[in-house]
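The chain contents come next:
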Amino acid sequence: MGWAGAASAVESPLPPAKVVGQFLEQFCLDCHDSTTKKGKRDLEAFQLPLKSVPDLISAREMIDQIALKEMPPKKADQPTAEQRLAVVQALREGALAARGTIAKAGAHAAMRRLTSREYENTLATLFGRRVDTLGLTADFPKEKTSQHIDTIGQSLVTSGFLLDQYFQAANRLVEMRLGKPVTKPRQWHFNSHFVQYEELTGSHKEAFNFRYLNIYEQPNTDTRQGGYGHIEDFLKGVPASGLYDLEVEAQAMHRDTHYDPAIFGIDFSEPFILGVVPGDITKGHIHYPQPIEPLLASTTVPDDQPTPLKFRVWLEAGQTPRFIFPNGPYESRASVITVNQRYKDEFSVAIPKSLVGRAHILREGALPYIQISDIKIQGPVEEKSGSVEEVAVFGADGFQADHAMDQLYAFAEKAYRRPLADADRQPIRALYEKRLGEKATPRQAALDALKLILCSPPFLYLSETTDETAKTLQPYDLASRLSFALWAAPPDDALLAAAKSGKLSSGAELKKQVQRMLADDRVTAFVNGFLDSWLNLRDLGSQPPPRETNRAYYAEDLPTSMKTEARLFFRDLLKNNGSAAQFLDADYTFVDKKLAKLYDLPEQKTLRLADGFQKVSLQASDHRGGLLGMAGVLTVSANGVETSPVTRGVWVSENILGIQPPPPPDDVPAIESDVSGATTIRERLARHRADRVCAECHHKIDPLGFSLESFDPIGRWRSAYPRGKQKSAPPIDASGEFTSGETYQDFAGFKKVIGETREDLFLRHLIAEVLSYGSGRLMEPADSFVIDDIQAKVKKENLGLTTLLVECLTSEIFRSR
């Protein structure tokens, strides 16, 4: 019986091994035998049953490529639909039959340390208060990632330098928060001598003799002239770490300016915002950006008259409050130069030749800025029940020398996230007694013991008590893995209680805890961390566009809005167990006023900044919808200056479909080579594909990126490329054809093809990403069996995202050492 007859004959089917062998012989071995090895694939020896992990990898690749009709290539003889179905079924049966042997080769997660963000979150939990004002991780080495994921144990190296940084961080935290001297509240009052530096000094002395503190621009501009307002007579900062009350008399000046709004690049319909950040004269120029400057508080500033504005902020010893204008002009110097040029006839005095002087504008003009005339500071504010840190570490009664060891052991148990063993207690007691012997006070000895705890492996590392011979994590290690996966922080009391009772080892209790934790607001840490890893949003802003052509990107802090859109969309699917297919296309998204304007949505006319983010319909727009229509994804997949179907196509392949394209061979010329006469990126790529070495990969990659050329480097919709030196702007051609034969004409058509033909690929990749992020190791071929099981369960539940997460976090992979 011939091949076609065997494939379609239900009564006498060939065995799976024969089905695969005949298919390879007829359609594959001309290009993929041991001699030709096209694409470095040799299938001549491939056969069922599968005996090794490489066999499983080959089977999986063949299933995907044959099912998607990517192989055999279009120019070759094509199998019938029945032949395709038969060989795919045979390969799937072969993979399933190998599960019992190959799955045993599954990998173990390396014992990993806390990431920098987990480390800070954990300290904030243990000490009961934010710690970002201390900059504990500011000098830590940059975190290494693996496939953009920052929780992979093998990548989280602990160097000698990092160990030293851990000690310094522990010392700074403990001494600043628990070793601080008793300090009575004081008051400071400033209403003159507001000296500001560089170009502002002369103008301010001439205009008002330093009577006011003026903020002219948003923080961190290129020229940095008035983005930070400091108090010149308070450079030494506060005497002790604590809460301080600020009363700042401020007024928004000239929000109704008659100057051309385009000069300033801001939305004058919105009230000016005044923010407070810490400054430290020992950390660099006080009027420039500094490494430690989290936003402490902010409010809107009235226009009509100077108005007292009150803030309560946390400042560390030595920090001084600085004032910022988050929605201010994008660059003060450029604004002043333009005003001096365009409105020179409005002033009664001659314009300075340098054009950067502004005294005459401050006296006679209408430059927009925030003016501060009076500042009162009072603190540290007394905390009636003792400091939050004292209670969190030592208990409601504070440190008790008679019970010092009990208090230290209780804290260590929280820090280590499990009951203590004698080996844990011994070094704590030894150090405490050693410091007492060196004449340290009991409190100081206890503080030094706290530092030891915070530098110990049981605190810094996860999963360190399960026996190496065990396959499944013991309950306390499982509790920590789950808590750091979903909250990036230690387990709470409920999770620890489940671990203590042993119930957490049961599937039902684990599922119950996962569902509880997913419904908790602390899951924000998972959403943020996972999207930074899966979509690489962590790198958003690492290749920023030129300021001169993308002022809104900087003036409106678009990267923050871009990240927020993706996070809110993910949270919405999580809250409602929405279909994960909506990541590929959706008829809604979340935007604030700034994104509504970038997307040219009708809501740009009705939204205010105070409205924050709102859920909006996209039913009338085919330019957005799903991850690929989000500006954050479109920005992180470009290089800031120009776009490329190759760059974005690789991003889609890796992050949406989970297919890692091979790197280009060393001897392949760059895309720009030999493109004389080519006017568009599509023409340049066509010339590049003329090289047969390049053609195979580019035929797969380029169709994934062509439709995204409809978006510029920061995700704005466009119909033509920048004109450049050409007479007219080249039009965008957003059409494409997949190697599997599907075609599309535009972005909407592209998403339709992806959703209809590659949804399963996307879902498998999303599952693998969740498992990798949560377990601390990358998935391997032997894990594909568990991924298959999860995928089947999720498909039965309409692809619900909550279902997907619950299945991943209760899976064998997540529970295994």
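Quick caveat, the model's predicted, so the values are computed rather than measured.

A. The overall build of the protein, seen in detail. Per the secondary structure count, the protein includes 32 helices and 13 strands. Expressed as lengths along the three principal axes of its C-alpha atoms, the size of the protein is roughly 100 × 80 × 45 Å. Every one of the 817 residues in the protein was classed for burial, and the buried ones make up 53%. In the protein, the share of contacts with a sequence separation of at least 24, taken over all contacts with a separation of at least 6, comes to 71%. For the protein, the exposed area adds up to about 36500 Å²; of that, 51% sits on carbon and sulfur atoms. Here the protein holds 97 positive side-chain charges and 108 negative ones, and the gap between their average locations is 1 Å.

B. Structural detail: the pairing of strand β8 (residues 320-324). With five of its five residues buried, β8 lies for the most part within the structure. Alternating positions in β8 separate into two faces, Thr320, Arg322 and Ile324 on one and Pro321 and Phe323 on the other, with burial throughout. Looking at chain direction, strand β3 (residues 228-229) and β8 are connected through two bridges and run antiparallel. Bridge assignment links Gly229 to a residue of β8, and that residue is Phe323. Two strands pair when backbone bridges link them, and strand β5 (residues 273-279) and β8 are joined in this way by five bridges, in the antiparallel orientation. Counted as the bridge partner of Gly275 is Ile324 from β8.

C. Structural view of the layout of surface pockets. When its volume is computed, the second largest pocket comes out at roughly 1200 Å³. The wall of the second largest pocket is formed by 36 residues, among which Pro326, Glu556, Asp557, Thr560 and Lys594 lie closest to the centre. For the lining of the second largest pocket, the secondary-structure elements that each account for two or more residues are β5, β6 (297-300), α21 (551-555), α22 (558-576) and α23 (593-598). Looking at the lining of the second largest pocket residue by residue, the classes come out as 16 nonpolar, 10 polar and 10 charged.

D. Inspection of the side chain of His287 at higher detail. By the element assignment, His287 lies in the loop between β5 and β6. You can call His287 buried: its relative accessible area is 12%. In this structure the side chain of His287 is engaged in a polar contact, spanning 3.0 Å, whose partner is the side chain of Glu198. When neighbours within four sequence positions are excluded, His287 is seen to be in contact with Tyr197, Glu198, Tyr228, His230 and Arg322.

E. Region of interest: the packing of helix α29 (residues 759-775) against helix α30 (residues 784-796). It is the contact of α29 with α30, at a shortest axis distance of 10 Å, that shows an interaxial angle of 115°. Remark: the crossing between α29 and α30 carries right-handed chirality. Listed contacts from α30 to Asp760, Leu763, Arg764, Ile767, Ala768 and Leu771 of α29 are Ser784, Ile787, Asp788, Ile790, Gln791, Val794 and Lys795.

F. Inspection of α30 at higher detail. If you check α30, its first and last C-alpha atoms are 18 Å apart, about what 13 residues at 1.5 Å a residue would give, namely 18 Å. Among all positions in α30, only Ser784, Phe785, Val786, Ile787, Ile790, Gln791 and Val794 are buried.

G. Structural context of a negative patch on the surface. On the surface, Glu25, Asp30, Asp42, Glu44 and Asp77 cluster together into a patch of negative charge. Turning to its location among the elements, Glu25 is positioned in helix α2 (residues 16-27).

H. Molecular detail of empty space enclosed by the protein. Enumeration according to the criterion identifies four cavities of 30 Å³ or more in this entry. By volume, the largest cavity amounts to about 70 Å³. Around the largest cavity sit Gln196, Tyr197, Leu200, Arg224, Gln225, Gly226, Gly227, Tyr228, His230 and His287, which together line it. When grouped by side-chain class, the residues that make up the lining of the largest cavity number three nonpolar, six polar and one charged. Size it by volume and the second largest cavity reaches roughly 50 Å³. Along the walls of the second largest cavity sit 10 residues, with Tyr416, Arg417, Glu464, Asp477 and Ser480 positioned nearest its centre. Per-element accounting of the lining of the second largest cavity gives the leading share, three residues, to helix α17 (residues 475-486). Taken together, the residues of the lining of the second largest cavity sort by class into four nonpolar, two polar and four charged.

I. Local environment of unusual backbone geometry. The peptide bond linking Leu48 to Pro49 adopts the cis configuration, its omega dihedral lying at 0°. With respect to the helices, strands and loops of the structure, Pro49 is situated in the loop between α3 (29-32) and α4 (53-67). Geometrically, the link from Gly379 to Pro380 is a cis peptide bond, its omega value of 0° lying close to zero. Of note, the phi angle at Asp557 is positive, near 50°, even though the residue is not glycine. Residue Asp557 is classed as partly exposed on the basis of its relative accessible area, which comes to 39%.

J. How the structure looks around the packing of α29 against helix α31 (residues 801-809). Following both chains from N to C, one finds α29 and α31 inclined at 50°, their axes separated by 10 Å at the closest point. Considering their axes alone, α29 and α31 lie oblique with respect to each other. Pair α29 / α31 crosses with right-handed handedness. Each of Leu763, Leu766, Ile767, Val770 and Leu771 in α29 lies in contact with α31, whose residues at this interface are Leu801, Leu804, Leu805 and Cys808. For the contact of α29 with α31, the residue count by class is nine nonpolar, no polar and no charged.

K. Structural context of the side chain of His230. On the secondary structure map, His230 appears in the loop between β3 and β4 (242-253). Judged by relative accessible area, His230 falls into the buried class, the value being 1%. Side chain to side chain, His230 and Tyr197 meet in a polar contact 3.4 Å long. At a separation of 2.8 Å, a polar atom in the side chain of His230 contacts the side chain of Glu232. With near-sequence residues (within four places) excluded, His230 lies in contact with Val195, Gln196, Tyr197, Leu213, Leu235, Ile286, His287 and Arg322.

Reading the values: the criteria
- Residues numbered from 1 in each chain as written.
- Predicted model: local features only at pLDDT ≥ 70, side-chain atom pairs only at ≥ 80, totals over all residues.
- Heavy atoms only, no water.
- Helix = DSSP H or I, 4+ residues; strand = E, 2+ residues; numbered from the N terminus.
- Buried < 20%, exposed > 50% of the residue type's maximum accessible area, 1.4 Å probe, protein only.
- Contact = heavy atoms within 4.5 Å.
- Areas by Shrake-Rupley, 256 points an atom, 1.4 Å probe, with all protein chains shown as cover.
- Lys, Arg positive; Asp, Glu negative; His and termini not counted.
- Charge placed at Lys NZ, Arg CZ, Asp CG, Glu CD.
- Pairing = 2+ DSSP bridges.
- 1 Å grid on protein atoms, 1.4 Å probe; cavity = no way out; pocket = protein on both sides within 12 Å on 5 of 7 lines; lining within 4 Å.
- Points joined across faces, edges and corners; volume = space filled by probe spheres on them.
- Nonpolar A, V, L, I, M, F, W, Y, C, P; charged D, E, K, R; others polar.
- Polar contact = N/O pair within 3.5 Å; in protein donor to acceptor, adjacent residues only side chain to side chain.
- Axes fitted to C-alpha atoms, helices over the stretch in contact; angles between N-to-C directions.
- Left-handed = near helix turned anticlockwise from the far one by under 90°.
- Expected span 1.5 Å × (residues − 1).
- Patch = residues over 30% accessible without salt bridge, like charges linked within 9 Å, V, L, I, M, F, W, Y side chains within 5 Å.
- Salt bridge = Lys/Arg side-chain N within 4 Å of Asp/Glu carboxyl O.
- Parallel < 35°, antiparallel > 145°, perpendicular 65-115°, else oblique.

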